[in-house]
Amino acid sequence: MEHLCPSPMKATSNGIFQGDNPLDFALPLAILQICLVLVVTRGLAFLLRPLRQPRVIAEIIGGVLLGPSALGRNKRYLNAVFPPKSITVLDTFANIGLLFFLFLAGLELDIKSLRQSGKKVLAIAVAGISLPFALGIGSSFILRETIAKGVNATSFLVFMGVALSITAFPVLARILAELKLLTTSVGRMAMSAAAVNDVAAWILLALAIALSGDNLSPVVSLWVFLCGCGFVIGASLIVPPIFKWVARHCHEGEPVDEMYICVTLAAVLAAGFVTDIIGIHAMFGAFVIGVLIPKEGPFAGVLVEKVEDLVSGLFLPLYFVSSGLKTNVATIQGIQSWGLLVLVIFTACFGKIVGTFIVSLFWRIPKNEALALGFLMNSKGLVELIVLNIGKDRKVLNDQTFAIMVLMALFTTFITTPLVLAVYKPAKMLSKGDYKHRRIERKNPNTQLRILTCFRNSRNIPSIINLLEASRGTERGERLCVYAMHLMEFSERPSAILMVHKARYNGLPFWNKGQRSASHVVVAFEAFQQLSQVSVRPMTSISSLSDMHEDICITAQRKKIAIIILPYHKNQRLDGSFESTRPDFHLVNKRVLEHASCSVGIFVDRGLGGTAQISASNVSFSITVLFFGGCDDREALAYGARMAEHPGVELTVIRFLLESDSSEDIVRIDTEGTPAATLVSADEEFLAAFRTSISDDSSVKYEEKNVRNVSETITILRDYSRCSLFVVGRKPTGVVALALSQRIDCPELGPIGSLLTSPEFSTTASVLVVQQYYDKNLYANSSQQMVED
């Protein structure tokens with residue numbers, strides 16, 4: 001029986017009004033396919049998000065659902081939306097996407113960091129490859145005897161070994177970020193081992209492709225492999241010098257010349273063309289170019305920004321659908337087929353988990369960490385699908401073997417997150433033991449103050465450093481210890497992994513000490529540390545915005561912090577008003593205020609000390625503390641008193657009192673369940689101690705202001721609007737403050753903070769809004785307001 005090839009499709013239709021069916025033409029059909037793929041994969045990703053699964057799971061499942069395994073059982077749908085004649089166009093789109101995605105994957109791999117991986121990581125990586133590879137070869141003999149009869153023995157054996165030994169580096173990075181493990185020792189080892197594994201997998205894959213040609217002559221396979229090696233060596237000699245020259249001509253903060261981007265993309269396509277001619281696969285050339293491009297400087301980051309959204313958002317899901325159209329789960333029939341599926345899953349999991357676990361124990365890694373490493377190294381992903389698709393295209397894997405292997409990849413990746421969560425919970429492993437000094441207000445003010453200051457970008461760093469300089473107090477003893485946390489958002493984007501390379505783990509500098517040409521962020525913190533003799537320990541939090549607050553709160557607890565200082569979620573414009581560039585950070589601040597186990601300050605920056613860091617001898621700040629009453633105001637005053645110890649700081653404390661004979665527009669409101677007498681007595685006691693301590697200090701002024709209404713209060717505040725910094729409590733008590741609470745625009749700043757940042761209140765002063773740590777267990781006895789920290 002003669003098979004007729006489908007006639008080629010024309011690109012565009014004349015429209016339905018001229019009698020054309022748009023689905024008979026390549027472009028409208030491709031548009032429909034892409035839209036359908038995006039809706040299905042993104043919808044599944046949304047549904048799987050509560051299970052903390054990486055997006056690749058949704059994309060593999062989406063591909064299988066759209067193919068003959070599920071929706072494709074309806075032949076009318078399959079012939080209308082994915083007719084055989086459209087598959088070539090779909091595969092071309094998918095492979096272009098794959099080409100550029102693997103270029104990005106190459107950019108993610110930092111060969112320099114692989115060289116510095118160390119023996120432990122190398123041993124874990126080798127164990128994670130060799131045992132599964134051996135088991136893959138073993139299972140290939142069983143499969144050849146049953147469902148894969150007649151295939152090329154050598155290439156089938158290598159393909160099975162490669163398929164079982166792969167660890168998906170990009171998928172692993174996302175799982176680690178989701179589980180908050182990127183910055184732990186387990187995360188670092190897993191990332192480094194997976195990167196080594198990735199490089200080994202590509203070499204093995206090139207070997208497998210070289211062996212899997214239609215021509216059975218071993219000489220041809222040898223030629224393919226040798227030419228592939230020649231390509232890699234040639235590219236290694238030509239590509240790095242060219243792109244080092246390009247990187248030198250790209251400067252931080254300046255736009256990259258479009259010509260450089262264009263040349264790079266052309267080089268990726270040309271490398272793909274060369275490797276396709278050799279007979280390896282076009283994506284191999286793209287990957288090599290990505291690996292060889294230097295990672296230093298802004299050029300690699302700009303490349304990723306230009307390419308990633310279109311590729312990973314639009315083209316790459318097509319590759320999963322292309323795989324899904326080849327996957328027919330219905331071919332797995334009978335006890336024998338399902339038994340083989342179980343066997344393949346068991347050998348894949350056993351090889352990875354046991355191999356990694358045993359070697360990890362040999363290197364004296366704790367059992368729970370070793371087991372977590374095994375589970376993490378077992379995650380598969382896109383690279384697995386690439387191996388399987390090439391095997392299918394080269395006739396090495398038949399329909400049934402292909403379906404079994406796709407299900408194995410899906411299952412092993414799906415179980416990674418729950419299994420790791422079951423055996424390893426670093427966040428829960430925090431000691432529950434209490435620590436002293438969770439607040440600035442304390443009985444002995446000479447004890448060390450530990451501050452965790454957070455920043456999102458370099459914009460506010462001079463002001464933050466000037467605030468920390470003022471917080472230094474006197475030179476008596478080890479007074480100040482600062483942890484500077486860079487808040488970085490982790491996303492599904494490939495550039496997130498480049499970010500991980502730059503910030504390998506918490507607690508170590510987020511810059512490379514060896515590179516003196518580091519950013520001005522580095523220079524500023526290093527200069528502050530040397531000039532002020534203050535201990536500054538930089539760290540990085542890489543997490544999604546939804547759980548960034550967990551990183552901040554856990555770090556504060558682990559480092560025994562007294563106060564967390566967060567940047568306000570709005571930035572100041574040139575006209576002095578505030579604009580919200582990222583409203584999501586508003587929620588981060590709100591959650592930290594709710595969950596922190598220490599005091600929290602929100603810093604509204606209006607350029608404290610100007611745009612440059614001030615040296616200790618040049619500090620000249622006038623700081624105003626507004627005191628209405630309550631524990632937050634006491635915390636604000638305790639912070640202000642500490643700042644007043646700095647020789648360059650003048651402190652003014654204004655206490656607002658209600659005139660007893662009048663309360664025109666002030667309505668009495670009950671405070672939150674705490675007896676008024678208790679609040680007043682604690683305030684009076686604290687203020688009496690404060691006044692005694694400043695009796696000999698000419699740089700501190702204490703004033704009491706009697707007010708009758710809100711407008712009088714605002715008038716007094718305007719008199720002090722020329723100061724450098726206002727320090728206020730978030731929830732002041734007392735009748736005056738409660739009357740102002742009707743004006744709250746931003747709940748995190750409270751009534752006074754909201755007033756000082758409102759457009760009606762004209763001031764150039766920065767504002768620090770403080771919330772004191774409040775432990776309900778400690779306040780069971782309401783008469784005891786202050787407990788020794």
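Residues numbered from 1 in each chain as written. Predicted model: local features only at pLDDT ≥ 70, side-chain atom pairs only at ≥ 80, totals over all residues. Heavy atoms only, no water.

Asks: Help me out: how do you make sense of the nonpolar core in this one?
Replies: Generally speaking, soluble globular proteins have nonpolar side chains that are buried together. By size, the foremost hydrophobic cluster in this structure holds 149 residues, and its most contacted members are Phe 82, Phe 103, Trp 202, Phe 299 and Ile 386. Counting residues per element, this core draws most heavily on helix α9 (residues 185–211), at 16 residues. When neighbours within four sequence positions are excluded, Trp 202 is seen to be in contact with Leu 102, Met 283, Phe 284, Phe 287, Val 383 and Ile 386. Core analysis: the second largest hydrophobic core is formed by 53 residues, Tyr 435, Met 485, Ile 561 and Ile 564 among them. (Core = buried A, V, L, I, M, F, W, Y, C linked by side-chain atoms within 4.5 Å. Buried < 20%, exposed > 50% of the residue type's maximum accessible area, 1.4 Å probe, protein only. Helix = DSSP H or I, 4+ residues; strand = E, 2+ residues; numbered from the N terminus. Contact = heavy atoms within 4.5 Å.)

Asks: How do you make sense of the sheet that holds strand β10 (residues 700–707) when you look at a structure like this?
Replies: The strands that make up a sheet pair up through hydrogen bonds in the backbone, lying either parallel or antiparallel. The strand order β3-β2-β1-β4-β7-β12-β11-β8-β9-β10 describes an open sheet built from ten strands, whose pairing is mixed. Looking at which strands have only one partner, the edges of the open sheet turn out to be β3 (535–543) and β10. Here the average twist between neighbouring strands, direction ignored, is 20°. Sheet topology places strand β9 (residues 649–658) next to β10; eight bridges connect them, and they run parallel. Note that in β10 the partner of Thr 652 across the bridge is Lys 701. The sheet contacts of helix α18 (residues 461–470) involve β1 (449–455), β2 (480–489), β4 (563–567), β7 (599–604), β8 (621–627), β9 and β11 (725–729), and relative to β1 the element is tilted by about 170°. Packing against the sheet, helix α21 (residues 548–558) makes contact with β1, β2, β3 and β4, and its axis sits at approximately 160° to β2. (Pairing = 2+ DSSP bridges. Axes fitted to C-alpha atoms, helices over the stretch in contact; angles between N-to-C directions.)

Asks: I tried to follow the packing of helix α10 (residues 218–248) against helix α11 (residues 258–278) on my own but got confused; where do I start?
Replies: Describing two packed helices takes the angle between their axes plus the distance from one axis to the other. Orientation of α10 relative to α11, taken along the N-to-C sense of each, is 170°, at an axis distance of 11 Å. When the axis of α10 is compared with that of α11, the two are roughly antiparallel. Contact with α10, carried on its side by Val 224, Cys 227, Gly 228, Phe 231, Phe 243, Trp 245 and Val 246, involves Tyr 260, Thr 264, Ala 271, Val 274, Thr 275 and Ile 278 of α11 and no other residues of that element. Its residues assigned to classes, the contact of α10 with α11 shows ten nonpolar, three polar and no charged. (Parallel < 35°, antiparallel > 145°, perpendicular 65-115°, else oblique. Nonpolar A, V, L, I, M, F, W, Y, C, P; charged D, E, K, R; others polar.)

Asks: Teacher, can you tell me more about helix α2 (residues 55–66) here?
Replies: Count 3.6 residues to each turn of an α-helix, and residues three or four apart come out pointing the same way. With twelve residues, α2 extends 17 Å between its outermost C-alpha atoms, agreeing within 8% with the 16 Å of an ideal straight helix rising 1.5 Å per residue. Within α2, ten of the twelve residues are buried, which leaves it mostly tucked inside the rest of the structure. Those residues of α2 that sit buried are Arg 55, Val 56, Ile 57, Ala 58, Glu 59, Ile 60, Gly 62, Gly 63, Val 64 and Leu 66. Contacts from the buried residues of α2 go to α1 (26–48), α3 (75–81), α8 (169–178), α13 (299–326), α16 (382–393) and α17 (399–423). (Expected span 1.5 Å × (residues − 1).)

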